[in-house]
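Inside the fold
Spelled out, the chains give:
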Number of protein chains: 2
Amino acid sequence: MLNNPNYFTGNPLDRASDKRKDETFVATQLAHEEARMAVFWRGQPLMTTPIEDATESFVLWLHPDSVSQFKGAGTPLFLGLKDATPYFALDVSASAPEAEIAPFSEMGVYGQLREFGLILPRDELAILGQAAWLIDWHRRNRFCPRTGAPTKIGDGGAKRVEPKAERDYFPRIDPVAIVLPTHDDHCLLGRSPHFPPAMYSALAGFMEPGESLEECAAREIFEEAGVVLSDISYQFSQPWPFPASLMVGFLATAQGKEITLDKEELEDARWVTRGEVQALLKGERRDDLWLPPKFAIARQLLEVWAGG
Amino acid sequence: MLNNPNYFTGNPLDRASDKRKDETFVATQLAHEEARMAVFWRGQPLMTTPIEDATESFVLWLHPDSVSQFKGAGTPLFLGLKDATPYFALDVSASAPEAEIAPFSEMGVYGQLREFGLILPRDELAILGQAAWLIDWHRRNRFCPRTGAPTKIGDGGAKRVEPKAERDYFPRIDPVAIVLPTHDDHCLLGRSPHFPPAMYSALAGFMEPGESLEECAAREIFEEAGVVLSDISYQFSQPWPFPASLMVGFLATAQGKEITLDKEELEDARWVTRGEVQALLKGERRDDLWLPPKFAIARQLLEVWAGG
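What counts and what doesn't
Residues numbered from 1 in each chain as written. Chains lettered and ligands numbered in written order. Predicted model: local features only at pLDDT ≥ 70, side-chain atom pairs only at ≥ 80, totals over all residues. Heavy atoms only, no water. Least-squares fit on C-alpha atoms with pLDDT ≥ 70 in both. Contact = heavy atoms within 4.5 Å. Helix = DSSP H or I, 4+ residues; strand = E, 2+ residues; numbered from the N terminus. Buried < 20%, exposed > 50% of the residue type's maximum accessible area, 1.4 Å probe, protein only. Buried area = accessible area lost by both parts, 1.4 Å probe. Salt bridge = Lys/Arg side-chain N within 4 Å of Asp/Glu carboxyl O. Nonpolar A, V, L, I, M, F, W, Y, C, P; charged D, E, K, R; others polar. Polar contact = N/O pair within 3.5 Å; in protein donor to acceptor, adjacent residues only side chain to side chain. Expected span 1.5 Å × (residues − 1). Phe/Tyr/Trp six-rings, centres within 6.5 Å; stacked < 30°, edge-to-face > 60°. Lys NZ or Arg CZ within 6 Å of the ring centre and 35° of its normal.

**Section: the relation of the copies chain B and chain A**
Superposition record for chain B on chain A: RMSD 0.0 Å, screw rotation 180°, translation along axis 0.0 Å. Between the two chains, the operation in question is that of a two-fold axis. Relative to the rotation axis, the closest C-alpha in chain B is found at Gly148 of chain B, a distance of 2.1 Å. Both copies present the same face, since 100% of the interface residues in chain B are matched by interface residues at the equivalent positions in chain A.

**Details of the environment of Leu90 of chain A**
Residues and elements named next belong to chain A. Following the sequence through the fold, Leu90 ends up in strand 4 (residues 85-91). Residue Leu90 is classed as buried on the basis of its relative accessible area, which comes to 1%. Sequence-wise, Leu90 and Arg142 are 52 residues apart; in three dimensions their C-alpha atoms are separated by 16 Å.

**Digging into the interface of chain B and chain A**
Residue-level contacts link 48 residues of chain B with 48 residues of chain A. Taken over both partners, the interface formed by chain B and chain A buries close to 4,400 Å², and the fraction arising from carbon and sulfur atoms is 54%. Our count for the contact surface shared by chain B and chain A stands at six salt bridges. Notably, a salt bridge pairs Arg15 of chain B with Glu211 of chain A, separated by 3.9 Å at the nearest N-O pair. Of all elements in the fold, only helix 4 (122-139), helix 5 (213-225), strand 12 (229-240) and strand 13 (245-254) of chain B reach the threshold of two or more residues within the side of chain B that touches chain A. Looking at the side of chain B that touches chain A residue by residue, the classes come out as 22 nonpolar, 13 polar and 13 charged.

**Concerning the side chain of Asn4 of chain B**
Residues and elements named next belong to chain B. Its location among the elements puts Asn4 in the segment before helix 1 (23-31). A distance of 2.9 Å separates a polar side-chain atom of Asn4 from the backbone nitrogen of Asn6. Here the side chain of Asn4 touches Ser237 through a polar contact of 2.9 Å, landing on its backbone oxygen.

**A short note on helix 5 (residues 213-225) of chain A**
Residue and element names in this part refer to chain A. Its 13 residues give helix 5 an end-to-end C-alpha distance of 18 Å, which sits within 8% of 18 Å, the value for a rise of 1.5 Å per residue. Taken across its 13 residues, helix 5 has eleven buried, putting it largely inside the fold. Here helix 5 has its buried residues at Leu213, Glu214, Glu215, Cys216, Ala217, Ala218, Arg219, Glu220, Ile221, Glu224 and Ala225. Trailing helix 5 by a residue or two, Gly226 shows a phi angle of about 70°, which is positive.

**Structural notes on the packing of aromatic side chains**
For the structure on display, the rule yields 23 aromatic pairs over all chains. Their ring planes at 85° and their centres at 5.7 Å tell us that Phe25 of chain A and Phe78 of chain A sit as a pair that is edge-to-face. One end of the pair, Phe25 of chain A, is in helix 1 (residues 23-31); the other, Phe78 of chain A, is in strand 3 (residues 77-82), and 53 residues separate them in sequence. These aromatic residues form a ring-pair network of at least three members: Tyr7, Phe8, Trp240, Phe242 and Phe295 of chain A. Here the basic side chain of Arg270 of chain B rests over the ring of Tyr200 of chain B, its NZ or CZ set 4.6 Å away from the ring centre. Over the ring of Trp290 of chain B we find Arg285 of chain B; its NZ or CZ atom is 5.3 Å from the centre of that ring.

In short, geometric facts, not functional conclusions.
This is the structure:
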């Protein structure tokens, strides 16, 4: 229905946001005989070892019972329901921070979402994205930013609570505008110093307080490349759990092609023709120009502009 | 250029995000003879007292020098530059929490942005929105959420820093999907229990980790009204400093008109015809149906749908 090509979308779970407030409901779901738990170790989910050609992997779902025996495991985070099956995530790294061997690693492999994302089923990847986001947020939000007092998990993991003041905190979602400016038959791509060699992508930046999405898009492109946008057109968004971004993608018309580079942010920026982009999207290999992987919303913006 | 009808957009300031990292730059701007400072007391900005018919008010800009004499004033927050004129905001409430009389109140009036928003110049309102957002965020983020250690202002107010771990924190921006579902010639409006009597508005909800904007829109409308959306179309966004929301507005097509109300969230929801909306937008007064003020993105969604 939603027609969104981006990885990490299409999460099939019903978050049951009214029910998860009830501790009894969450406990019942945890004891459900079909309950499925994704296990994370130091930010990486447990998956099946990819076979032979490494083109496919799956989440290695455990039952909560098989994890509860694990000494010192943290609080399971309720992710939602698929039909009647409850889904959870658990971070097992905090329980044995010194251990070099991750629990359950005899059963599969812990891997980076960035690496496994392209070979996992899309719906499982979306669930892992949600799980990774929540786990990271809980890890980095153990204290109340207002008073420094400890906080604890609430609503099955959907929030944290400072119990004394009964103050609720919800996971951060940091909006980012990512923009593909175009001029005649060219689009503007740039590269950060930390990109892989020859990779160029759409320019992006975090929103600041008091901006609309389009104002952020215009500011970022002007700050980073000195290019003024005259028309900014929303395309789609992507949840991006590295660790907590909402990527909002735009195509835009540039008023001119002159580039004034912000050398603190970018190593280079250049105009690339539609024909060059089409060839690269079809698989052409060039030493001087790589596009981002399908995983990234920037690639999807290029697909839209270059006509897929 | 950006063609966004929403209040709080159109901020004319250049945030100078590269320069504000330099403490000397910020100090120089603060000493600039034309520098303008917006002063806030308990969340309310200092403005000129509206005259007679109360149709117009302006920000009462002070020079930083006239505020620095004020005992115990906090750190001025750099907002940006308009041409060469630097703009700042200062919260004076923390300096004298017990005082019942706000400093500088003999010069003007402290008022709610929600009340004065409609009678302030649009560009001044946008600057105050940015300022209110930053002031509130600094007030509620004095401690590191990871360790509970104190944090301090950095980059002229654009971030906070936990100095020991050199960890940066940036202001929260919480994305919200707000949706006007339509079916044939009707649109769906609902009312929260805390709305003024007879007011109905578009339904909205905060995003959760791992959703796209449209997935959030679909989830919220289904959760609150039991209505399934088949087509969801982005319109525009609005920064909403109460305290830190990014409202992202959508029109959507509903698959059917049957409503299943979430009575915890909504007091009522109903389908309203385009003709009724048009009459109300033109100024008709009804006892049973009020639309939100122009200030709200919901009103702008109704304007788009009903053909303004």
